[in-house]
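A structural walkthrough
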Amino acid sequence: VQLQASGGGLVQPGGSLRLSCAASGSIFSSNVMGWYRQAPGKLRELVAAITTGGTTNVADSVKGRFTISRDNAKNTVYLQMNSLKPEDTAVYYCNLGQGVSYKEYVHWGQGTLVTVSS
């Protein structure tokens, strides 16, 4: 399984960015795709995740500002990030989990840097 992420960059506070991640390879019909982020000196944390059935899990820190969605036909997950804050600055990693409890096979994409700064 390969995950190709795109969409990071530099944005001013209050701005928006949209991340995309396309999965290819042996993709199960039932899986969860999501985004994690890691800021300098901090642990990697879940930002948002969505199952093939549309169930979402969104971190409290981004609720109301970030929206996760997916296109199952394209095996692609999107993260629309609005009202960005400097504390959202981090490397964002795409993740795909499948198999038993979505944890049997876990795959990571390369990170994409999001910098929120004036």
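In the block above lies the structure referred to throughout.
A quick note: this is a predicted structure, and the numbers were derived from the prediction, not measured.

1. Some thoughts on the overall build of the protein
Counting secondary structure elements, the protein contains 0 helices and 11 strands. Its C-alpha radius of gyration of 14 Å places the protein within 12% of the 13 Å reference for a compact globule of 118 residues. Once the C-alpha set of the protein is aligned to its principal axes, its extents read approximately 40 × 25 × 20 Å. Relative to its 118 residues, the protein shows a buried fraction of 41%. Across the protein, the 10 positively charged side chains and the 6 negatively charged ones have centroids separated by 2 Å.

2. Focus: the sheet that holds strand β7 (residues 66-71)
Spatial ordering of the open sheet is given by β1-β3-β8-β7, a layout of 4 strands whose pairing is antiparallel. The strands lining the two open edges of the sheet, one partner per strand, are β1 (2-6) and β7. Between one strand axis and the next, the sheet turns by 15° as a mean value, whatever way the strands run. Where β1 lies against strand β3 (residues 17-24), 5 bridges are found, and the strand directions are antiparallel. By the bridge assignment, Gln 4 is partnered in β3 with Ala 22.

3. A look at the state of the cysteines
Considering all chains together, one arrives at 1 disulfide under this definition. The disulfide bridge from Cys 21 ends at Cys 94, spanning 2.0 Å between sulfur atoms. When the S-S torsion is -85°, as for the bridge of Cys 21 with Cys 94, the disulfide is left-handed. Taken together, the residues Cys 21 in strand β3 and Cys 94 in strand β9 (residues 90-98) connect sequence positions 73 residues apart. The exposure classification of Cys 21 matches that of Cys 94, with both residues buried.

Cut-offs and rules
- One numbering rule holds for all chains: residues counted from 1, following each sequence as written.
- pLDDT decides what is reported in this predicted model: residues at 70 or higher carry local features, side-chain atom pairs at 80 or more are listed and counted, and totals for whole chains, interfaces and linings draw on all residues regardless.
- Based on all heavy atoms of the structure, the side-chain values leave hydrogens and waters out of the count.
- Strands are runs of DSSP state E lasting at least two residues, helices are runs of H or I lasting at least four, and both sets are numbered from the N terminus onward.
- Restricting the calculation to C-alpha atoms gives the radius of gyration, and the globule rule supplies 2.2 Å times the number of residues raised to the power 0.38.
- Partly exposed describes any residue whose relative accessible area lies between the buried limit of under 20% and the exposed limit of over 50%, with all areas from a 1.4 Å probe on protein chains only and scaled to the type maximum.
- His residues and chain termini do not enter the charge count, which takes Lys and Arg as positive and Asp and Glu as negative.
- The atom standing in for a charge is NZ when the residue is Lys, CZ when it is Arg, CG when it is Asp and CD when it is Glu.
- When DSSP finds two or more bridges between two strands, those strands count as paired.
- Structural elements are reduced to axes, namely lines fitted to C-alpha atoms, with helices fitted over the stretch in contact, and the angle between N-to-C directions of any two is expressed from 0 to 180 degrees.
- A pair of cysteine sulfur atoms is labelled a disulfide when the two atoms are within 2.5 Å.

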